[in-house]
Amino acid sequence: MSADPVTTPSATARIPREIWVLIASAFVIALGFGLITPVLPQFAQSFGVGATASSVVVSAFAFFRLLFAPAGGRLIARLGERPIYLAGLVIVAVSTGATAFAHSYWQLLVFRGLGGIGSVMFTVSAVALIVRLAPPSIRARVSSAYASAFLIGGIGGPVVGGTLGGLGLRVPFLVYAAALLLAATIVFVFLKDASLRPVEGAPVLPVMGVRDGWRDSAYRAAVASGFANGWANFGVRNAILPLFAAAVIVDQGLDVATRESQQSLVAGTALATFAVGNAVGLTFAGRTSDRVGRKPYIIGGLVVSGVFTALTGLASTLPLLIACSVVAGLGSGALNPAQQASLADVVGRERNGGPALAAFQMSADTGAIIGPVVAGLLVDEGSFGLAFAVTGAITLVAAVPWLRARETHPVRRSTAGGAAAGSR
């Protein structure tokens, strides 16, 4: 059960200033990340490798995130969230800048992989702060606002990145490195370390370990849906969709220069429209999940995302690809704030959920590692349609544990309990 008492959602509860700083930083990070997403698979293939090897570059980033997640959690406990957040941003900036100067596939693989270390540092730091600082009555709204910042940046990033790709596949990486340094500056200037720590003399919060979380059906279901979401939307979509757009949507009869420019633009457009749908789903679920509960949005989001991810592989024109991307984005957007809020419900404000939250993040990273590699193999040995169909099926299967999981929303629990009492 959640450590929080039953609360009533309040329209007047305000998002804390510290979270707004993280939201602003998230927007800058996402804008920069969106710049490299459309060009990364093509950049990898420029070294003469196939779909599987180019997908491994995406997986390498998540693999290093996975390896370093436990150590990152311990560093946060010892040094605090702010210094680890800043160090993480700087590490990713340096590795991304180095990626722009890679002269072989293996250099690209190493530089991109090392960025995963910094990525998990600032990601877990931000999640831990949001869980601890967000008022319980507006958890989904806070999660939605934070995720929306990533999505708004993600909407413009791929389109700009696709355009920058026409200037050279290395240019977006340099711009992203600069964006990360800007985000680090925002946090350094506006986020004061003292405001992030408990007041002196406050009791030390008990730690919620993975074993504690695993006893909760909602936590187990979140691990499953986190794995599927990482596989589909952080792994396969970023690794395979640009290659699919380049191979299926763009006219192969164009000259080389025009074709490469069109490939970057089409891939960027498809990723940006997914982000548009995601932003709409995030906004709607974030505003209503604090009133009606978490499970309807999680289950519905997984089903919609799974079905339209599978249909993506059947798209043969740009309008169809855009339509599938938008609706799949809506499903993913509905899932994320409700899932994040459910995790916060499980942890509560009276416990330090670092280890449990890190394990959840590791499940998403595991999906993001395995998904692109498996999808790349399915493309090389089968077809794009098969890769997207398998990815959609995995997303649908992840909805099953949520059918049996408990509803963590405190108001829904209270209402259900009152109704049951009244019927006796």
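Note that the structure is a prediction, hence the values are computed from the model and not measured.

Visitor: What is the right way to look at the overall build of the protein in this model?
Guide: On a plain count of helices and strands, the protein comes out with 16 helices and zero strands. Across the 424 residues in the protein, those meeting the buried criterion constitute 57%. Taking contacts inside the protein between residues at least 6 apart in sequence as the whole, the part at least 24 apart equals 89%. With an accessible surface of roughly 16,700 Å², the protein has 69% of that area assigned to carbon and sulfur atoms.

Visitor: Can you help me understand the nonpolar core in this one?
Guide: As a rule of thumb, soluble globular proteins bury nonpolar side chains together. If you look at the biggest cluster of nonpolar residues, it comprises 66 residues, and the most contacted ones within it are I29, Y85, L89 and I240. Ignoring anything within four residues of it in the chain, the contact list for L89 reads S25, I29, F122, L180, A183 and A184. Counting 29 residues, the second largest nonpolar core, distinct from the first, contains M208, V223, A344 and A398.

Visitor: Would you explain the packing of aromatic side chains in this entry?
Guide: Two numbers describe a pair of aromatic rings. These are the distance of the centres and the angle of the planes. Evaluated as defined, the whole model comprises eight aromatic pairs. Ring geometry for W214 versus Y219: centroids 6.5 Å apart, planes at 80°, classification edge-to-face. Owing to a relative accessible area of 46%, W214 belongs among the partly exposed residues under this scheme. Residue class for Y219 comes out buried when judged on its relative accessible area of 2%. Arranged with centres 6.0 Å apart and planes meeting at 65°, the rings of F284 and Y297 form a pair that is edge-to-face.

Visitor: Looking at this model, I keep getting lost on helix α1 (residues 17-36). Mind explaining?
Guide: Each turn of an α-helix holds 3.6 residues, which means side chains three or four residues apart point in the same direction. The end-to-end C-alpha distance of α1 is 30 Å, a good match for the 28 Å that 20 residues give at a rise of 1.5 Å each. Burial analysis of α1 places 14 of its 20 residues in the buried class, which makes it a mostly covered element.

Visitor: Which parts of the structure should I look at to understand the packing of helix α11 (residues 295-312) against helix α14 (residues 384-397)?
Guide: Describing two packed helices takes the angle between their axes plus the distance from one axis to the other. Where α11 meets α14, the closest approach of the two axes is 7 Å, and the angle between their N-to-C directions is 170°. Of the possible angle classes, the one that applies to α11 and α14 is roughly antiparallel. Contacts between α11 and α14 pair L302, V303, S305, G306, V307, T309, A310 and T312 from the former with F388, A389, T391, G392, T395 and L396 from the latter. Residue composition of the contact of α11 with α14, grouped by class: seven nonpolar, seven polar and no charged.

Visitor: Mind showing me how you'd approach the confidence of the model for the protein here?
Guide: Any region with low pLDDT has predicted coordinates that should not be read closely. The predicted model of the protein has a mean per-residue pLDDT of 78, with 80% of residues at 70 or higher. Contacts from residues 1-11, a stretch scored under 50 in pLDDT, to residues over four places away or in other chains number 37 contacts.

Visitor: Explanation requested: a nonpolar patch on the surface in the structure shown.
Guide: A surface patch of nonpolar side chains, amounting to about 390 Å² of accessible area, comprises V303, V307, L311, L314 and L396. Here the nonpolar patch gets three residues from one element, more than from any other, and that element is α11. Note on placement: L396 falls in helix α14. Judged by its relative accessible area of 34%, L396 falls in the partly exposed class.

Visitor: Whenever I open this one, the side chain of S305 confuses me. Can you help?
Guide: Turning to its location among the elements, S305 is positioned in helix α11. By relative accessible area, S305 is classed as buried at 3%. If we skip the residues at most four places from it in the chain, S305 touches N233, A328, G331, S332 and T395.

Visitor: I'm lost on helix α12 (residues 318-347) in this one. Help?
Guide: Here α12 contains 30 residues, and its C-alpha end-to-end distance of 43 Å stays within 8% of the 44 Å for a straight helix at 1.5 Å per residue. Just past α12, the residue G348 takes up positive phi, approximately 75°.

Visitor: In this structure, what is going on with the side chain of T273? I would like to understand it.
Guide: With respect to the element layout, T273 can be found in helix α10 (residues 256-292). On the accessibility criterion, T273 (14% relative accessible area) is buried.

Parameters and conventions
- Throughout, a residue's number is its position along its own chain's written sequence, starting from 1.
- For this predicted model, a pLDDT threshold of at least 70 governs which residues receive local features, and a threshold of 80 or more governs which side-chain atom pairs are given and counted, while totals over whole chains, interfaces and linings are taken from all residues.
- Heavy atoms from the whole structure form the basis of all side-chain values; hydrogens and water molecules are not counted.
- In this description a helix means any DSSP run of H or I spanning at least four residues, a strand means any run of E spanning at least two, and both kinds are numbered starting from the N terminus.
- Partly exposed residues are those whose accessible area sits between 20% and 50% of the maximum for their type, while under 20% is buried and over 50% is exposed, using a 1.4 Å probe and protein chains only.
- In this description, contact between two residues means that some pair of their heavy atoms is separated by no more than 4.5 Å.
- Calculation of accessible area relied on Shrake-Rupley with a 1.4 Å probe; when residues are assessed, cover is drawn exclusively from the protein chains displayed.
- Take the buried residues of types Ala, Val, Leu, Ile, Met, Phe, Trp, Tyr and Cys, join any two whose side-chain atoms come within 4.5 Å, and each joined set is a nonpolar core.
- When the centres of two rings from Phe, Tyr and Trp lie within 6.5 Å, Trp using its six-membered ring, the rings pair. Their planes under 30 degrees apart give stacked, over 60 give edge-to-face, and anything left gives tilted.
- Multiplying 1.5 Å by the helix residue count minus one yields the expected span of that helix.
- Angles shown run from 0 to 180 degrees and are taken between the N-to-C directions of axes, each axis being a line fitted to C-alpha atoms and, for helices, limited to the stretch in contact.
- For this classification, under 35 degrees means roughly parallel, over 145 means roughly antiparallel, 65 to 115 means roughly perpendicular, and everything else is oblique.
- Gly counts as polar in this scheme, as do all residues outside two lists: the nonpolar Ala, Val, Leu, Ile, Met, Phe, Trp, Tyr, Cys and Pro, and the charged Asp, Glu, Lys and Arg.
- Values of pLDDT, ranging from 0 to 100, describe the predictor's confidence in every residue of the model.
- Any residue with relative accessible area above 30% and no salt bridge may belong to a patch, with like charges joined within 9 Å and the nonpolar Val, Leu, Ile, Met, Phe, Trp and Tyr side chains within 5 Å.
- By definition, a salt bridge exists where a carboxyl oxygen of Asp or Glu is found within 4 Å of a side-chain nitrogen of Lys or Arg.

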